[in-house]
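# Breakdown of the fold
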Amino acid sequence: TNWTNIKQGAQKYLQIMELVKTTNVRANKEFQRIFNGFYRIRQRPKSFYEALYDYLERNKNNKEVSFEKTLAFFLDKFQRFEPAFSSKIVATINPNFPVWDSEVLKRLKFRSPGSQLGREIRFKKMLEIYDDIVRWYSEFINTEEAKNMIKVFDEKIGILNISDTKKIDLILWQTRS
């Protein structure tokens, strides 16, 4: 576990969560730079970034925003599935939700549905996988292993205003399998 990277990630995450509350993320280039770096969003067309930040700005105070609605937004807008970005937006709006991440998928032994499946089936499978990720987190968070991870996080990083779900996320992202 790379605690130096976790500490840096936690600081960036706290900046994101502060800026999303206090600025117009559609216009704030500093927010966008930090968000893009934290979530490793690269090499996308300008229209993608504009849509992502417009959607986040319009929905940042909407606790009813869901993975399904956000996934559908990207599919309608760009005719492509964006489960990772959809989950990152949802987790920014509601920090108790986890992100869809390749490292998390590997650990949970999930595979993103392939393009050979039809659009509707892929959409449905992605919703099922995200529900499984959310369910795993809600069950895992109550285990001794998770409680220990959170305790060690707090000891090594400090007591921060970060949800237990995000603490687990930060640890999983830096603990490569």
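Everything discussed here concerns the structure shown above.
## With respect to the side chain of Glu-82
Tracing the backbone shows Glu-82 in the loop between helix 4 (67–78) and helix 5 (83–93). We classify Glu-82 as buried; its relative accessible area is 4%. Look past the residues within four positions of Glu-82 in its chain and what remains in contact with it is Arg-44, Phe-48, Leu-71 and Phe-74.

## Examining helix 3 (residues 46–59)
It helps to recall that an α-helix has 3.6 residues per turn; residues three or four apart then point in one direction. For helix 3, which comprises 14 residues, the first-to-last C-alpha distance of 20 Å matches the rise-based estimate of 20 Å (1.5 Å per residue) to within 8%. Three or more residues of helix 3 are buried, namely Phe-48, Tyr-49, Ala-51, Leu-52, Tyr-53, Tyr-55, Leu-56, Glu-57 and Asn-59. In this structure, the buried residues of helix 3 make contact with helix 1 (3–22), helix 2 (29–38), helix 4 and helix 5.

## A closer look at the packing of helix 7 (residues 119–140) against helix 9 (residues 164–174)
With their axes 11 Å apart at the nearest point, helix 7 and helix 9 run at an angle of 105° to one another. On the basis of the axis angle, helix 7 is roughly perpendicular to helix 9. Between helix 7 and helix 9, the contacting residues are Trp-136, Tyr-137 and Phe-140 on the first element and Thr-165, Ile-168, Asp-169 and Leu-172 on the second. Looking at the contact of helix 7 with helix 9, its residues break down into five nonpolar, one polar and one charged.

## With respect to the nonpolar core
Counting 58 residues, the largest nonpolar core has Phe-31, Phe-35, Leu-52 and Ile-168 as its most contacted members. The biggest single contributor to this core is helix 7, with eight residues. Discounting chain neighbours no more than four positions away, the residues touching Phe-31 are Ile-16, Leu-19, Val-20, Val-25, Tyr-53 and Leu-56.

## Some remarks on unusual backbone geometry
Positive phi, normally seen in glycine, also occurs at Arg-40, with a value near 55°. Counting through the fold element by element, Arg-40 comes out in the loop between helix 2 and helix 3. At Lys-109, a position not held by glycine, the phi torsion is positive, near 60°. You can see Lys-109 is positioned in the loop between helix 6 (102–108) and helix 7.

## Let's talk about the packing of helix 8 (residues 144–157) against helix 9
Between helix 8 and helix 9, the least distance of the axes is 10 Å, while the angle of their chain directions is 85°. Here helix 9 runs roughly perpendicular to helix 8, going by the angle between their axes. For the pair helix 8 and helix 9, contact is made by Ala-146, Met-149, Ile-150, Phe-153 and Asp-154 and by Asp-164, Lys-167, Ile-168, Leu-170, Ile-171 and Leu-172, respectively. Split into classes, the residues belonging to the contact of helix 8 with helix 9 amount to eight nonpolar, no polar and three charged.

## Some remarks on the packing of aromatic side chains
The geometry of two aromatic rings is summed up by the distance between their centres and the angle between their planes. Considering all chains together, one arrives at 21 aromatic pairs under this definition. Note on Phe-67 and Tyr-130: the rings are 4.2 Å apart at their centroids and 15° apart in plane angle, and the pair reads as stacked. Of this pair, Phe-67 sits in helix 4 while Tyr-130 sits in helix 7, and the two are 63 residues apart along the sequence. Take Phe-67 and Tyr-130: they sit in the same class, and that class is buried. Judged by centre distance (5.1 Å) and plane angle (85°), the rings of Trp-136 and Tyr-137 are edge-to-face. The class for Tyr-137 is buried, based on a relative accessible area of 2%. Members of the aromatic cluster, joined through ring pairs, are Tyr-13, Phe-31, Phe-35, Phe-38, Tyr-39, Tyr-53 and Trp-173. When the ring centre of Phe-48 is taken as reference, the NZ or CZ atom of Arg-44 above it lies at 4.7 Å.

The rules behind each value
Residues numbered from 1 in each chain as written. Predicted model: local features only at pLDDT ≥ 70, side-chain atom pairs only at ≥ 80, totals over all residues. Heavy atoms only, no water. Helix = DSSP H or I, 4+ residues; strand = E, 2+ residues; numbered from the N terminus. Buried < 20%, exposed > 50% of the residue type's maximum accessible area, 1.4 Å probe, protein only. Contact = heavy atoms within 4.5 Å. Expected span 1.5 Å × (residues − 1). Axes fitted to C-alpha atoms, helices over the stretch in contact; angles between N-to-C directions. Parallel < 35°, antiparallel > 145°, perpendicular 65-115°, else oblique. Nonpolar A, V, L, I, M, F, W, Y, C, P; charged D, E, K, R; others polar. Core = buried A, V, L, I, M, F, W, Y, C linked by side-chain atoms within 4.5 Å. Phe/Tyr/Trp six-rings, centres within 6.5 Å; stacked < 30°, edge-to-face > 60°. Lys NZ or Arg CZ within 6 Å of the ring centre and 35° of its normal.

All quantities given are derived from atomic positions and should not be read as evidence of function.
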